[in-house]
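The lines below spell out each chain.
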4 protein chains.
Amino acid sequence: MDKIKVGIVNVTGYAGIELARLLLKHPDVDLVSGTGRSAAGQKLADVFPHLTGVAELTVESELGNVDFAFVAMPHRESALEVMKLMERGIKVVDISADFRLSNPDDYNEWYGFTHPSPELLDKAVYGLPELYRKDIASANLVANPGCYPTSAILAMAPVVKNGIVEEDIIIDSKSGVSGAGRTLALGSHYSEANENTSAYALKGHRHLPEIVQELTYIGGEAVNVTFVPHLVPMTRGILSTCYASLTSEYISHDNVQEEITAIYREFYKDEPFVKVVDASPHTKNVWGSNMCHVYPFADVRTGRLIVVSCIDNLVKGAAGQAIQNMNIMSGFAEVSGLEAPPIYP
Amino acid sequence: MDKIKVGIVNVTGYAGIELARLLLKHPDVDLVSGTGRSAAGQKLADVFPHLTGVAELTVESELGNVDFAFVAMPHRESALEVMKLMERGIKVVDISADFRLSNPDDYNEWYGFTHPSPELLDKAVYGLPELYRKDIASANLVANPGCYPTSAILAMAPVVKNGIVEEDIIIDSKSGVSGAGRTLALGSHYSEANENTSAYALKGHRHLPEIVQELTYIGGEAVNVTFVPHLVPMTRGILSTCYASLTSEYISHDNVQEEITAIYREFYKDEPFVKVVDASPHTKNVWGSNMCHVYPFADVRTGRLIVVSCIDNLVKGAAGQAIQNMNIMSGFAEVSGLEAPPIYP
Amino acid sequence: MDKIKVGIVNVTGYAGIELARLLLKHPDVDLVSGTGRSAAGQKLADVFPHLTGVAELTVESELGNVDFAFVAMPHRESALEVMKLMERGIKVVDISADFRLSNPDDYNEWYGFTHPSPELLDKAVYGLPELYRKDIASANLVANPGCYPTSAILAMAPVVKNGIVEEDIIIDSKSGVSGAGRTLALGSHYSEANENTSAYALKGHRHLPEIVQELTYIGGEAVNVTFVPHLVPMTRGILSTCYASLTSEYISHDNVQEEITAIYREFYKDEPFVKVVDASPHTKNVWGSNMCHVYPFADVRTGRLIVVSCIDNLVKGAAGQAIQNMNIMSGFAEVSGLEAPPIYP
Amino acid sequence: MDKIKVGIVNVTGYAGIELARLLLKHPDVDLVSGTGRSAAGQKLADVFPHLTGVAELTVESELGNVDFAFVAMPHRESALEVMKLMERGIKVVDISADFRLSNPDDYNEWYGFTHPSPELLDKAVYGLPELYRKDIASANLVANPGCYPTSAILAMAPVVKNGIVEEDIIIDSKSGVSGAGRTLALGSHYSEANENTSAYALKGHRHLPEIVQELTYIGGEAVNVTFVPHLVPMTRGILSTCYASLTSEYISHDNVQEEITAIYREFYKDEPFVKVVDASPHTKNVWGSNMCHVYPFADVRTGRLIVVSCIDNLVKGAAGQAIQNMNIMSGFAEVSGLEAPPIYP
């Protein structure tokens, strides 16, 4: 199969530059163009010296001639870029939130803008391959999931689908600081974030409606989700600890733990990037890779299910999953360009 | 008031050496003795160079002549030390878990040993001054609370006491690595713990029965607690995020948030070391101090109460609280020796 | 002695807020005023929540009525503030570089501005108490040394003064990120600074002329200093590793190491805040304190002297030393308000 | 070309497991065997969960049937393993120091043991491909350089070879904590190493004779090297800052900086893994890769050359360079299996 030409709109954010790192060594594509406002005209490797000797690209102000595009703009701006690309007939994976929510009103409520192309919301596919692989394969526009939703949905999908937990779900997520992006902010200032842990967005994080939408869809009925994100002092990684009550009939089973482990193993049995593990996972064990480790634990004492999942927020939570989606949309091997193991220690 | 002579059994662990740091500048006491097995005979400042020019003490193998003792041994060994000290008529704050649980059977179940002096369990007072100040004042033996329980109980006590949350409580705690102690272990090895977050002890952490015991006592009825501790890459600090459903009658109130904030402010209104704050707190904001910051948030959308609390695990979670207890037991000002503000950044 | 009223110009930077932390518990002063541009009108404890329950102050736009002032403005702006305060007859410790260099031309060369009050440069005393205690005692204006110069000068002063090293001196310093201040910058962005070490300012850091000026003055002849600062991923601390050749006559002595250690011990024998230690020091061992640990090592194999020193850049390297200067200028005990031991671990 | 079968003696240390990570995806080899004492019999992915779904290997107690072996044992033990492998006719890259020094007496002096096979020292080639590529190609035994020497020698080789610096060389190196290995030690305990920087081994680090041997060989005359290693709080990375005086005739040249940059560019012009960069490099920019970034800076004010180099201590400083050596010894493309770019941020 011939290589396709791919481009990145906003290559200079953390998601964009992580896409570049992965695409530069992807066997099926040529990264031919990357845009970035303030860095336009500079060599990519001068702005990002880790690509010295790796990337020859110069940052552009407009995307060049490509077959496939990744858009990693701030919300609303992403939608405008995607609209232009769709008109040019270019397939797109959008890294922003602009096509994740199917109800246009959610954009007014959660993001504070009126969606500029609500008709595209119907055409966009939510890009979680473990749930929507077939739809992704035939899509022209894929909305790449948020980092927190990826970890939360993969953690809870098997039991929500099987209807063995009550509708009250608590998701307590811990994220590395790169999730806050490359834009300067006091909360991401080294001396503030180092040696510090905090919860934030208790009044409602923008990833909440995304989690609710998907878990509702999977389970076929309303879920009542509490989601509290936390910032922990590391660069990469998300660990989500999810809590739900097992249904009363289910909890009386004899071998709850074995049954639940079996449900998870069955659900993910063919997945190259989701591994059901036997011990509580560490974010370090997926660092730098597209892997998601999931560990379900039935606490029979309290009747609760606890599921711990972890991902690298910039890979499975952003750039890696976007490439996984591109692979599916383009007929490449799904793991193409994503096979490097996690880096430890 | 004359200064009293105090000693530390096992000054060479993190709790012990933190006690030394604080006691060396405490205006009402003289730290005259500290024991430590492997370091016995060495100058304390040679083993712990941060005390160069501060401490003249030599580590001993047996505690010298003291009026008051802190015991910071591993569990079971602590009990044996405490028994000897009590016989000598010395008042004790025990930092270990050996006198926290009132039911001796709990030691068999959770700690794997038969308690050597169950009769002392009745005499020991649980040393959380915000709840038991009066009992502490007249006690000869105080069991210093665990670090996780301190953060969890202070977070939930006001609402459990007021009966406005259901009995199902989830406590998701994040701790710095010093909580695992100074004993070498792979999980505390720098390259393993750095850039890593993980949950542990899902099957039941030893601090769970302590949390259950106290919340049950406060509320007067059984609670169903799920407690999941996490390790995050920082040296000091615990942040506990606690979840409970508000009772259905309570959630219908008009100004739930205001009412709950008022309950917390009333509960802690005279407390020197617990502050009810207006925004989600950061562990960094109590770093190095005996402070606890508590933030209750009523999520009316889901009917849940979320309470975030944070402490320095080695101060309010160990050495600082122990000194607070000593102050109360000895008739000193409760804040004596504990007034240094948190260190930021 | 009555308490004096002190104020801080620009309390909202890292040096300013560290001054506040220390002054709020200083037994001889009342912190009555602190200014800050963007935060003016807010309660200090709202901007800096670690001071919750500690500080009642509201940030002001103009300094109130004080007996003594600390100025912690950016360079050039500091000089303008100091001029106004001197006219009001208020004693000042200036934290900026504006009065450290005695030659006004150096400001044009190294800081890019013409000094607005060169006449004050003669009156200002360089505030390194270990060298200029007497002059500080009678000064109205003290220029608080830079963080790097404090560590480097204290490391080299004894041997430069004794003339036993050649004039070529290399200072390789490693600093925590708080040294770069609270102003947002990509280099201080968490995900950039974490898990990263780099050298910077090879073409000449602004602290170089300060180091050269002082070592020249101490030794009485020109020194040829190479100074390379580095950024390491921690919040606080500077470790300076200094290299100089021992004079050829000196290196032939039999007990070079013992002689040099003796020189250092004699030089610092009465110093409360400089400790000559017997093993290579760790920044952690002075963390949060006004201590400086110095370790001289004679490498007889190569004929070189290696001196390692460490300080907390925000305490002995800024706020703590400023208070030490104030203590001397005001006739307080030199250690007043600065006796808290370093915090470990 | 057929794949070769490779094995790792002691796969369970940090160098060994990093070899596994890289070899598992190497296109020209099959990793068929890995030994480890305490973990023998366990699945590699159970001991190192980051390899879940990547490695099928079980840890063995004896190396299986291989064509090529990496030995990563502690010193002296490595030599014994290598001797056995050489007898079996297996080509070896030894990661330990046991074959780096050509003078057997150095092992007595620096490592405290008598070398068990001094005759092999003559046959072993020092595995720095940038200097000894040809010899490596025909070698059966390659001694993989130490991490510090790799960074120091690559920094200084061009100017030492060209004879434009004096013989006095100072190397101030800063290393991440993984350099201290996976064996538990107080200095690598998280709470001790975090938020801490220190110098160590001032009396002489074991990598010093290796640096001296190689720089002497390159320059053809004796060098007088001072080498001080430092520990900084990060997992991976070494930054070496090297200082040497430019010869007096050379410093008088007009365009010293340009000339020196040209010398470095010429020296490394065909090197895939050494890049001469235009700004002071960051360890983060080579993180996880086999790259070395080198930045020479001529400080004309002092007549000194400052060279800053950085590598990932576990890749170019250990496992990556070992694979680079294997590639050369086996006739594979030198970059085979080593092309993944550094991971940022």
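Residues numbered from 1 in each chain as written. Chains lettered and ligands numbered in written order. Predicted model: local features only at pLDDT ≥ 70, side-chain atom pairs only at ≥ 80, totals over all residues. Heavy atoms only, no water.

(A) Structural view of the domain arrangement of chain A. Residue and element names in this part refer to chain A. Domain annotation of chain A identifies domain 1 (4-123) and domain 2 (148-312). Every contact between the two is made by 11 residues of domain 1 and, on the other side, 13 residues of domain 2. Interface area for domain 1 against domain 2, summed over the two sides, is near 1200 Å², with a carbon-plus-sulfur share of 50%. Taken as a group, Tyr14, Arg100 and Trp110 account for 51% of the area that domain 1 buries against domain 2, more than any other trio of residues on that side. Viewed at the interface, domain 2 and domain 1 are joined by 2 salt bridges. For Arg236, the salt bridge is made with Glu18, and the minimal N-O distance between the two is 2.9 Å. At the boundary of domain 1 with domain 2, the tally comes to 8 residue pairs in polar contact (both at pLDDT 80 or more). Ranked by the residues each element gives to the side of domain 1 that touches domain 2, the list is headed by helix α1 (residues 14-23), at 3 residues. (Domains from an automatic or database assignment. Contact = heavy atoms within 4.5 Å. Buried area = accessible area lost by both parts, 1.4 Å probe. Salt bridge = Lys/Arg side-chain N within 4 Å of Asp/Glu carboxyl O. Polar contact = N/O pair within 3.5 Å; in protein donor to acceptor, adjacent residues only side chain to side chain. Helix = DSSP H or I, 4+ residues; strand = E, 2+ residues; numbered from the N terminus.)

(B) Summary view of the relation of the copies chain A and chain D. When chain A is brought onto chain D, the operation consists of a screw motion whose angular component is 180° and whose axial shift is 0.0 Å, with 0.0 Å RMSD remaining. What we have between these two chains is a two-fold relation. (Least-squares fit on C-alpha atoms with pLDDT ≥ 70 in both.)

(C) Seen up close, the environment of Arg304 of chain D. Take Arg304 of chain D: it is sitting in strand β13 (residues 304-311). Measuring from C-alpha to C-alpha, the distance between Arg304 of chain D and Ile4 of chain D comes to 48 Å, with 300 residues separating the pair along the chain. If sequence neighbours within four positions are ignored, Arg304 of chain D has contacts with Asp168, Ile169, Ile170, Asn224, Val225 and Thr226 of chain C together with Ala244, Ser245, Leu246, Phe297, Ala298 and Asp299 of chain D. Side chain to side chain, Arg304 of chain D and Thr226 of chain C meet in a polar contact 2.3 Å long.

(D) Just the sheet that holds strand β3 (residues 68-71) of chain D, in detail. All names here are of chain D. Taken in spatial order, the 6 strands line up as β2-β1-β3-β4-β6-β5 in an open sheet, and their pairing is parallel. Since the sheet does not close on itself, it has two edges, and those belong to β2 (29-34) and β5 (125-126), each with one partner. Taken together, the 4 bridges between β3 and strand β4 (residues 91-94) define a ladder with parallel strand orientation. Counted as the bridge partner of Val71 is Asp94 from β4. (Pairing = 2+ DSSP bridges.)

(E) Quick look at helix α6 (residues 129-137) of chain A. Residue and element names in this part refer to chain A. Among the residues making up α6, those that are buried are Pro129, Glu130, Tyr132 and Ile136. Seen along its axis, α6 keeps its buried residues to an arc of 130°; they face one direction. Contact partners of the buried residues in α6: β5 (125-126), β6 (141-143), α7 (147-162), α9 (208-219), β11 (274-276) and α12 (315-330). (Buried < 20%, exposed > 50% of the residue type's maximum accessible area, 1.4 Å probe, protein only. Arc of directions from axis to C-beta.)

(F) Layout of the relation of the copies chain B and chain A. If you rotate chain B by 180° and push it 0.0 Å along the axis, it lands on chain A with an RMSD of 0.0 Å. Most of the interface of chain B is mirrored in chain A: 100% of its interface residues are interface residues there too.

(G) Highlighting the interface of chain A and chain D. Listed per partner, the contact involves 32 residues of chain A and 32 residues of chain D. Interface area, chain A with chain D, both sides summed: about 2700 Å², of which 65% is carbon and sulfur. Of all residues in chain A, His50, Tyr344 and Pro345 of chain A give up the largest surface area on contact with chain D, accounting jointly for 25% of the area buried on that side. For the pair chain A and chain D, the interface holds 0 salt bridges. Across the contact surface, chain A and chain D share 8 residue pairs in polar contact (both at pLDDT 80 or more). Sort the elements by how many residues they give to the side of chain A that touches chain D and α1 of chain A lands first, with 4 residues. Of the residues that constitute the side of chain A that touches chain D, the class distribution is 15 nonpolar, 9 polar and 8 charged. (Nonpolar A, V, L, I, M, F, W, Y, C, P; charged D, E, K, R; others polar.)

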